[in-house]
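Read off the chains here:
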Amino acid sequence: MPDTTAPDAVPDHVPDHLPDVAPVTARPTHAGPLATAQEQLAGAIGRLGYDAGMHAMLATPRREINVAIPLRRDDGSTELFHGFRVQHNVSRGPGKGGLRYHPAVDVDEVRALAMWMTWKCAVVELPYGGAKGGVAIDPRNYSQPELERVTRRYTSEIMPMIGPERDIMAPDIGTDAQTMAWVMDTYSVNKGYTIPGVVTGKPLEVGGSLGRATATSRGVVHSTRAALREAGLDLPDVSVAIQGFGKVGSHAADFYSDAGSRVEAVSDQYGGVYRSGGLDVPRLLTHVRTTGSVVGFEGGDPIGNEELLGLDVDVLVPAAVEGVLTHDNAGDVKARWVVEGANGPTTARADAILADRGVVVVPDILANAGGVVVSYFEWVQAQQAYWWTEAEIELRLEERMLHAYAGVAEVARRESLPMRDAALMLSVQRVAVAHRTRGLYP
Ligand code: NAD
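Residues numbered from 1 in each chain as written. Predicted model: local features only at pLDDT ≥ 70, side-chain atom pairs only at ≥ 80, totals over all residues. Heavy atoms only, no water.

Q: Tell me about the packing of helix H1 (residues 33–48) against helix H3 (residues 107–123), and name the residues and values.
A: Relative to each other, H1 and H3 sit at 35°, their axes nearing to 7 Å. In this structure, H1 crosses over H3, and the sense of that crossing is left-handed. Facing H1, whose interface residues are Pro 33, Leu 34, Thr 36, Ala 37, Gln 38, Gln 40 and Leu 41, H3 presents Asp 108, Glu 109, Arg 111, Ala 112, Met 115, Trp 116 and Trp 119. A per-class count over the contact of H1 with H3 returns eight nonpolar, three polar and three charged. (Axes fitted to C-alpha atoms, helices over the stretch in contact; angles between N-to-C directions. Helix = DSSP H or I, 4+ residues; strand = E, 2+ residues; numbered from the N terminus. Left-handed = near helix turned anticlockwise from the far one by under 90°. Contact = heavy atoms within 4.5 Å. Nonpolar A, V, L, I, M, F, W, Y, C, P; charged D, E, K, R; others polar.)

Q: Go over helix H7 (residues 247–258), please, and point to the residues and values.
A: Compared with the 16 Å implied by 1.5 Å per residue over 12 residues, the 17 Å span of H7 between its first and last C-alpha is a close match. Here H7 has its buried residues at Gly 249, Ser 250, His 251, Ala 252, Ala 253, Asp 254, Phe 255 and Tyr 256. Tucked into the core, H7 has its buried residues touching helix H6 (215–230), strand S6 (239–243), strand S7 (262–268), helix H8 (281–291) and strand S10 (315–318). (Expected span 1.5 Å × (residues − 1). Buried < 20%, exposed > 50% of the residue type's maximum accessible area, 1.4 Å probe, protein only.)

Q: Explain the site of the ligand to me, and be specific about the residues and the numbers.
A: The ligand sits among 23 residues. The nearest are Asp 172, Thr 216, Lys 247, Val 248 and Asn 343. Gly 174 places a polar main-chain atom, nitrogen or oxygen, 3.2 Å from an oxygen atom of the ligand. Within the backbone of Gly 341, one N or O atom sits 3.4 Å away from an oxygen atom of the ligand. Its free accessible area being 830 Å², the ligand has 90% of it covered by the protein chains. Tallied by class, the residues present in the shell around the ligand amount to eight nonpolar, nine polar and six charged. Inspection of the shell around the ligand shows a minimum of three residues originating in each of domain 1 (61–203) and domain 2 (215–367). (Near = heavy atom within 4 Å. Polar contact = N/O pair within 3.5 Å; in protein donor to acceptor, adjacent residues only side chain to side chain. Areas by Shrake-Rupley, 256 points an atom, 1.4 Å probe, with all protein chains shown as cover. Domains from an automatic or database assignment.)

Q: Residue-level account of unusual backbone geometry, with values.
A: Along the chain, Tyr 441 connects to Pro 442 via a cis peptide bond; the corresponding omega equals 5°. When you line up the elements, Pro 442 lands in the segment after helix H14 (419–438). Phi at Ala 385 takes a positive value of approximately 50°, unusual for a residue other than glycine. Mapped onto the fold, Ala 385 is located in the loop between helix H12 (370–384) and helix H13 (390–415). The class of Ala 385 is exposed, set by a relative accessible area of 56%. In this structure, Ser 416 takes a positive phi of about 50° despite not being glycine.

Q: I'd like a rundown of the side chain of Thr 186, residues and numbers included.
A: The topology assignment puts Thr 186 in helix H5 (residues 177–191). Here Trp 182 takes part through its backbone oxygen, which lies 2.7 Å from a polar atom of the side chain of Thr 186. Those residues in contact with Thr 186, other than ones at most four positions away along the chain, are Arg 152, Thr 155 and Ser 156.

Q: Kindly report on the nonpolar core, identifying the contributing residues and their values.
A: With 86 residues, the main nonpolar core has Trp 119, Ile 242 and Tyr 256 as its most contacted residues. Composition of this core by domain shows at least three residues from each of domain 1 (61–203) and domain 2 (215–367). Each residue touching Trp 119, except ones within four places of it in the same chain, is listed here: Leu 41, Leu 58, His 88, Ile 365, Leu 424, Ser 427, Val 428 and Val 431. Counting residues in hydrophobic clusters, the runner-up holds 24 residues, among them Phe 81, Tyr 154, Met 180 and Ile 195. (Core = buried A, V, L, I, M, F, W, Y, C linked by side-chain atoms within 4.5 Å.)

Q: Go over the confidence of the model for the protein chain with me, naming the residues and quoting the values.
A: Looking at the protein chain as a whole, the pLDDT averages 93, with 93% of positions reaching at least 70. Long-range and interchain partners of residues 1–22, a stretch whose pLDDT sits below 50, account for 45 contacts in this model, where long-range means more than four residues apart. Long-range and interchain partners of residues 24–30, a stretch whose pLDDT sits below 50, account for 16 contacts in this model, where long-range means more than four residues apart. (pLDDT = per-residue confidence, 0-100.)

Q: Any details on the domain arrangement of the protein chain? Residues and values, ideally.
A: Partitioning the protein chain into structural domains gives domain 1 (61–203) and domain 2 (215–367). One C-alpha centre belongs to domain 1, the other to domain 2; they are set 27 Å apart. Domain 1 puts 14 residues into the contact, and the matching count from domain 2 is 12 residues. Summed over both partners, the interface of domain 1 with domain 2 comes to about 1,000 Å²; 53% of that surface belongs to carbon and sulfur atoms. By the criterion of area lost to domain 2, the three top residues of domain 1 are Trp 116, Lys 120 and Arg 140, representing 45% of everything that side buries. Our count for the domain 1 to domain 2 interface comes out at one salt bridge. Between Arg 100 and Glu 322 there is a salt bridge, with the nearest N and O atoms lying 3.0 Å from each other. (Buried area = accessible area lost by both parts, 1.4 Å probe. Salt bridge = Lys/Arg side-chain N within 4 Å of Asp/Glu carboxyl O.)

Q: Tell me about the sheet that holds strand S8 (residues 271–274), and name the residues and values.
A: Taken together, the seven strands give an open sheet; going across it, the order is S9-S8-S7-S6-S10-S11-S12, and neighbouring strands pair in mixed fashion. The outermost strands of the open sheet, each flanked by one partner alone, are strand S9 (301–303) and strand S12 (360–362). Between one strand and the next, the sheet's axes are offset by a mean angle of 20°, whatever the strand orientation. Pairing between S6 and S10: four bridges, direction parallel. What sits directly across from Gln 243, in S10, is Pro 318. (Pairing = 2+ DSSP bridges.)

Q: So what's going on with the packing of aromatic side chains? Residues and values would help.
A: Tallied over the entire structure, the rule returns six aromatic pairs. A centroid spacing of 5.3 Å and a plane angle of 50° characterise the contact between Phe 377 and Trp 388, whose relative ring orientation is tilted. Here Phe 377, found in helix H12, pairs with Trp 388, found in the loop between H12 and H13; they are 11 residues apart in sequence, far enough to count as distant. Across the pair, exposure class does not vary: Phe 377 and Trp 388 are buried alike. Taken together, the ring pairs in this structure connect Tyr 128, Tyr 376, Phe 377, Trp 379 and Trp 388 into an aromatic cluster. One cation-aromatic arrangement involves Arg 396 over Trp 388; the distance from NZ or CZ to the ring centre is 4.1 Å. (Phe/Tyr/Trp six-rings, centres within 6.5 Å; stacked < 30°, edge-to-face > 60°. Lys NZ or Arg CZ within 6 Å of the ring centre and 35° of its normal.)

Q: Go over the sheet that holds strand S4 (residues 130–135), please, and point to the residues and values.
A: Across the sheet, five strands lie side by side as S1-S2-S4-S3-S5; this open sheet has mixed pairing. What marks the edges here is a single partner per strand, and that holds for strand S1 (63–72) and strand S5 (167–171). Each neighbouring strand pair of the sheet contributes to a mean axis angle of 20°, computed without reference to strand direction. Across three bridges, strand S3 (residues 95–101) lies against S4 in parallel orientation. Counted as the bridge partner of Tyr 101 is Val 135 from S4.

Structure (structure tokens):
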């Protein structure tokens, strides 16, 4: 049952002719994502008045595994990669979180991402904990058969930790539905029967869910609409800039444009394009499908990633990597709303600067939760072997997102807090209550 209504976004296979520009592969050099995540947690613990023991429990991953992945390359040589899987917390249910293939992946980044998954699942009230995985590899430099071998070896190394009741993977940067099919197949072959619930974000043909591929982006747009409503505005009233044109950014551009917003700038790791008054997004998507990048799109002028963040637009959507809004550039942000499609795009110091300047940040753990919400729907469908229609999924997604947004906005108003602090307070409290209710064993 192909998802014929999903707009095509990034190509499945990287075209031969990528732009002749060195891609950005390193993360910025300021305090890493784990420092940001820990600082956010410390803030929430302080506000909630929890003791040092609870803080230590919530600050420390429950389990983690570090694996070496040897790859036999197509030319017969061998290369070694490092991979990780971290389960930050499993008190509310199985670990849930993506698998990232990126050269800058390290265990601290995975720990931060796993922690954010715990809070995200709690914000949208899913019966999950938080987990994340990563392999330090640049997938663009390897063939599909090579990526399949890396994925299967990684999966078999972390087998004891994963499963539909233990820890459920999904795509993230550098991985896609095909990667999930390989994970599911490797796991299932080893167990002796088909177990679709071990991953979400898999192809429809092997038990994926309608609407999953676009869910994160739909959620980003739902939460933008909710934020705008608080100011008496709607999507057709605003201009948008999006950093990152992958699975999240490209579909978000499509949905914003469909809803009447002016998408004035987009970028990827090779560069960006800008057009005052709005880009022609369908034409841009076609350009990206054929060239592999937004660079070179004739319907706009070139723009750098840094410049995009400071553009005079209403809504800024970071949808690439973490740590792009820092104390160095937060003062340059002109947008009134920052809606975080990416995980951890704003450092703690940048957050404080944005809050002082009255910029509303709709935080990652709320804004991009649409992906994990429909992942949850996919997992439920797989467990029941009964599939829902796309209309049902989209309706339930919208309800969940708006309900979660309203819950966070209510705490923000009551406590006079920025949305991120409110979302963290709510989610950390939910996880802490689960800890306390379960008690300590032994
Ligand atoms: P992707 O690999 O499909 O796309 C990433 C995009 O970011 C690409 O366009 C890439 O060129 C660009 N990029 C990479 N490094 C960059 C840099 N240094 N500067 C500018 N652009 C850069 O990944 P994705 O799935 O779209 O994920 C993007 C972000 O959204 C990540 O932070 C991810 O954790 C988060 N996220 C993804 C999902 C999901 O469902 N895919 C869900 C929630 C959160």
